[in-house]
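Coordinates in review
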Amino acid sequence: MLQIRNILWGFFYIACAAAIQVQVTPTHREISVGESKFFLCEVVGDAKDIDWFAPNGEKILPNNPNIQVSRNDETTSTLTIYHADVDDAGIYKCVAKSGDKEAQATVQVKIFQKITFKNVPSPQEFNEGDDADIVCDVVGSPVPFIIWKHKGARIQANKDVRFNVMANGHLMIRGIKKTDEGSYNCEARVMETGEINFKTINVVVNVLPTIRARQSEVNATADMGGSILLACDADGFPEPIVTWAYNNVILESGDKYSLNEDGSELVIKDVIKVDEGDYTCIARNKAGEMSKEVSLNVFVQAKITYLNNQTATEFDEEVTLTCEASGDPTPSISWSFQNRMFSEGEQASWTRPDQYESHDRNIVVRSHARVSSLLLKNVDFTYAGLYLCTASNSIGQDNQPVYLEVRYAPKILGEVTVYTWEGNPANISCEVEAHPGASVTWFRDGLLVPSVNTSNVKIYNTPSVSYLEVSPESQSDFGSYNCTATNVMGTESKEFLLIQAEVPSSPEIQRLEPFSSSAVVEFDEPASFGGVPIIKYRVQWRVDGQDWTGRDYAAAEDLTRITIVGLTPDTSYEVKMAAINGKGEGESGAAVKFKTGPIREPSAPKLEAMVQNQGNALKVNWIKQDDGGSPIKHYLVRYKAKHVSDWKPEIRMPHSSEYVVLSGLDWNTEYEVRIVAVNQKGKSEPGVLSFRTATEPTTMPGASGSGLSTGAIVGILIVVFFVLLVAVDVTCYFLNKCGLLMCIAINFCGKAGPGAKSKDIEEGKAAFTKDESKEPIVEVRTEEEPTQNQEGVGPTEPNETTPLTGPEPAAADATPPAVNILPSNATNSVVENFSAAQNSPAQAPIPAKDHPPKSSPTAGSGAVESQPDVGPLVDLSDAPKADPVKEPVRANGEGPQKQREGPERPPSPVDGPTEDAPHAITHPQNDGKTVKDDVKTEANNTAAEVKTVPNEAPQTNGNESKA
């Protein structure tokens, strides 16, 4: 190889013997930034100078620190690059010279730089709405290109015009938003080398604060020692700092002001008028600041600042009371004296003062802004007293009294005439009004009283009244008495008369309205009272030819109507009246004759209603009117809802009843109540009352915090009731072999109840006989016991509203007992009602003597017991008496049986006094045939014996009979 090279050089020297040759080794090289490299320049030929030139064409000098050139020998030179930089890249040239001959060679130096992020700050903050320039300065050789990514996706400017990658690699976002906030990736790539690197930049978008006042205008009252709250709410990013300013001065927490933790609430303490004004709420953050004005209006309650008492003398021309007040809004001022008001009317102003003048033009009110004056003309003693000045505005008012003192001579008041009689002390009152106070003296015929010789005259003094007590002993004590009052302003005298009183004149009967047992007397008061009030009226009445009967009635105001009670029906009377006062009884007026009416039906009772606490219950009271001359026996009450046609069952109330309570009524429903009074003659017209019940409440009255509705309570009660029924049925099934479970077991399951097997053994084979034609024979035997009937109705105690009448004959009351016997298939009952007889108690029937009751497996078997039972009792005074009937007993046991079929009273909503419970007696009937008996019509107590005789052939199946 070396030989070939030498041969080539030989040829080269031969070919170029006359020229210089230059060669640089290597001809090109790649250097990384910071590395050091050298290059060798070899010259063929005789070269005097060998020089290196930089890429910019300048000759490289030997003193260059980074790039050095050194001559190795006559034919070579070395170029050394220390710590290569990007700027060192380019084409370096080696030039050799020898005389006029010159040759050169070049070497290309490429310098590569790794991707370097020079200026990539993070985070980078921008204000919302700004054009954001996200900085990412990258250095590299070759120059890298930049890719931006956000949320893992590459940003493409052609899809969103707001985003743009600039020539310097920065990312421009126009009008950046809060939603643009987040992490961005700045990724640098070099295609030539495949190098890649990236940086994550956190972009923060600051939002300018927004601020809103909770109240743009706040009102407060001054001088009340209270505090007021001003508040504003601020939003923004980062969280803004809130401060308050007043008159361009920042407020801080202290004695006057208090700020909460975030500064959004400002509390102003002890508000006064000077605190009024505009307060600025300022919110600041990195994005900037915003402010809002909050106006504080401070109002001042009206307050009276000046008021002064005045003194005047009677008959002065005028006196002025002045009242000044402060406040914001400007207060209005009014005056009052006793029950009389004086006002200027509308609110006064500086430009339009108002004036009020009384009708008699003696009182004038003048108001000007915050000052009001009350001018009193022609002063007299009645003007003296406390005047009230009232200053008021929309915030409040202030009242203060001012006293007007009026000095005047004594004024004597009071009645000048006094009536009395011998032995009755009387007071003559001398009422004195005076200022200053006056001394009072009494005179009789010019002489001072009482004198030392008089013992029947005494004087009692109070600050304003002097009383002269006179106890007349003879006619000489009646007459004129003089009262004289004196003070520094003058003297006043007045004569008083003591007059002998008389008995009153007689009242005059104007109209008399008779009833069956009462009479209403209408009269006029006596024309003369005799000087003293009437105490009572004496009314006397009598039957022609008999002694007078009387009664005194206390006199009351406007008493012109008196009712006389306790009269006998259909009887002629005469009545007279007299008036009684303190002096005595006056003469009676002329007697007036009248005749009471016959016995008739009572008058309709007056009804009054009162709703009970439940809301759907009503208490109906009635006031008894004229009883028609016969005592009230009872009351009949009927009621119904107006929208239905059927009446509720009639309620019978005793004669002494005064009310009935109707409960369980429908809510919000209109009802009609009719109550009839019944006496021996018959029924009255009904007293009628209409009313409406209240609306049903959403919760039970008196219940607080109950979570159950009415429907839930009803549902729970139904469930509890059903569980109880099941428990009772199961108990009956196992203990008594009866009930719904027993019926299901026999009819559907074909099973006999508990204990059926033992019953079958006792019954024997006869229980399975097929002959079903015979039934048990029921034998009825009766025993009669006479009971004495009670006749007559006792008299009713008379009172103011019940007439005094004699006892009326009444029909006899009887109370036969009723006996319960097993019901047959076709038994019709006749119900007779009897009135209650307290002296005839019902007797219990005697049980059968022959055999004790036993259970039988045959059809219709069972324990037959005589149970004591009493039917309802009603009045028989107006109804015919029924004869007791004996019925034959049929052989097959299907004959009529005595059965209790008295109408069972439905549960009544009546709450109040009631009579004894009514009873019913049931009489048997045979099949359409009437059987008469010779028993007397008087009702007898009967005890029945019942004996059951079983058939010889029992039914086929005992279990079937049980079913």
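A brief structural summary. Please read these numbers as outputs of a predicted model, since none were measured by experiment. (Residues numbered from 1 in each chain as written. Predicted model: local features only at pLDDT ≥ 70, side-chain atom pairs only at ≥ 80, totals over all residues. Heavy atoms only, no water.)

1. Focus on the overall build of the chain
- When helices and strands are counted, the chain shows five helices and 63 strands.
- Here the chain, with 963 residues, has 36% of them falling under the buried criterion.
- Across the chain, the fraction of contacts at a sequence separation of at least 24, relative to all contacts at a separation of at least 6, is 64%.
- Roughly 54,800 Å² of accessible area belongs to the chain as shown, and the carbon and sulfur atoms make up 51% of that amount. (Helix = DSSP H or I, 4+ residues; strand = E, 2+ residues; numbered from the N terminus. Buried < 20%, exposed > 50% of the residue type's maximum accessible area, 1.4 Å probe, protein only. Contact = heavy atoms within 4.5 Å. Areas by Shrake-Rupley, 256 points an atom, 1.4 Å probe, with all protein chains shown as cover.)

2. Side note on the packing of aromatic side chains
- A full pass over the atoms with the stated rule returns nine aromatic pairs.
- Aromatic pair tyrosine 639 and tyrosine 671: ring centres 6.4 Å apart, planes at 45 degrees, arrangement tilted. A residue pair is termed long-range when its members are at least 10 positions apart, and tyrosine 639 in strand β52 (residues 634-641) and tyrosine 671 in strand β55 (residues 670-678) qualify at 32 residues. The same class applies to tyrosine 639 as to tyrosine 671, namely buried.
- These aromatic residues form a ring-pair network of at least three members: Tyr639, Tyr671 and Phe691.
- One residue, lysine 178, lies across the ring of phenylalanine 237, its end atom 3.2 Å from the ring centre. (Phe/Tyr/Trp six-rings, centres within 6.5 Å; stacked < 30°, edge-to-face > 60°. Lys NZ or Arg CZ within 6 Å of the ring centre and 35° of its normal.)

3. Quick notes on the pattern of salt bridges
- Inspection of the entire model under this criterion finds 26 salt bridges.
- The closest approach of N and O atoms between aspartate 235 and arginine 212, which form a salt bridge, is 3.1 Å. On the criterion of sequence distance, the pair formed by aspartate 235 in strand β19 (residues 228-237) and arginine 212 in strand β17 (residues 195-213) is long-range, its members being 23 residues apart.
- Using a relative accessible area of 44% as the deciding quantity, one classes arginine 212 as partly exposed.
- The partner of aspartate 626 in a salt bridge is arginine 600, with the nearest N and O atoms 2.8 Å apart. With aspartate 626 in the loop between β51 (618-623) and β52 and arginine 600 in the loop between β49 (592-595) and β50 (606-611), this residue pair connects regions lying 26 residues apart in the sequence.
- Its relative accessible area of 10% is what places aspartate 626 among the buried residues.
- By sharing partners, the salt bridges in this structure join Arg511, Glu513, Glu522 and Arg561 into a single network. (Salt bridge = Lys/Arg side-chain N within 4 Å of Asp/Glu carboxyl O.)

4. Overview of the side chain of serine 684
- Along the chain, serine 684 falls in the loop between β55 and β56 (687-692).
- With residues up to four places along the chain from it excluded, the contact list for serine 684 reads Glu601, Pro602, Ser603, Ala604, Pro605, Val676 and Ala677.

5. Considering the state of the cysteines
- A full pass over the atoms with the stated rule returns five disulfides.
- In this model, cysteine 136 is linked to cysteine 186 through a disulfide, with the two sulfur atoms separated by 1.8 Å. Between cysteine 136 and cysteine 186, the disulfide has an S-S torsion of -90 degrees and is therefore left-handed. With cysteine 136 in the loop between β10 (132-134) and β11 (137-141) and cysteine 186 in strand β16 (residues 182-190), the pair connects residues that are 50 residues apart, well separated along the chain. Just as cysteine 136 is buried, cysteine 186 falls in that class too.
- Counting its disulfide-bonded cysteines in sequence order, the chain shows a connectivity of 1-2, 3-4, 5-6, 7-8, 9-10. (Disulfide = S-S within 2.5 Å.)

6. Here we look at helix α3 (residues 740-747)
- Along α3, the residues classified as buried are Met742, Ala745 and Ile746. The buried residues of α3 occupy an angular sector of 95 degrees when projected down its axis, which confines them to one face. (Arc of directions from axis to C-beta.)

7. So, a negative patch on the surface
- Together, Glu508, Asp524, Glu525, Glu557 and Asp558 give the surface a local cluster of negative charge.
- Within the fold, glutamate 508 resides in strand β43 (residues 508-514). (Patch = residues over 30% accessible without salt bridge, like charges linked within 9 Å, V, L, I, M, F, W, Y side chains within 5 Å. Lys, Arg positive; Asp, Glu negative; His and termini not counted. Charge placed at Lys NZ, Arg CZ, Asp CG, Glu CD.)

8. Digging into the environment of asparagine 309
- Examined against the element boundaries, asparagine 309 turns out to sit in the loop between β25 (288-307) and β26 (310-313).
- For asparagine 309 and threonine 320, which are 11 residues apart along the polypeptide, the C-alpha to C-alpha distance reads 10.0 Å.
- Ignoring sequence-local partners within four residues, the contact set of asparagine 309 consists of Val402 and Tyr403.
- A distance of 2.8 Å separates the side chain of asparagine 309 from the backbone nitrogen of tyrosine 403, its partner in a polar contact. (Polar contact = N/O pair within 3.5 Å; in protein donor to acceptor, adjacent residues only side chain to side chain.)

9. Structural notes on the side chain of serine 372
- Tracing the backbone shows serine 372 in strand β32 (residues 371-377).
- Accessibility expressed as a relative area gives 0% for serine 372, which makes it buried.
- Reaching out from serine 372, the side chain makes a polar contact with the side chain of tryptophan 335 at a distance of 3.0 Å.
- In contact with serine 372, other than residues within four places in its own chain, are Leu321, Thr322, Cys323, Ile333, Trp335, Val365, Arg366 and Ser367.

Keep in mind these numbers describe shape, not what the thing actually does.
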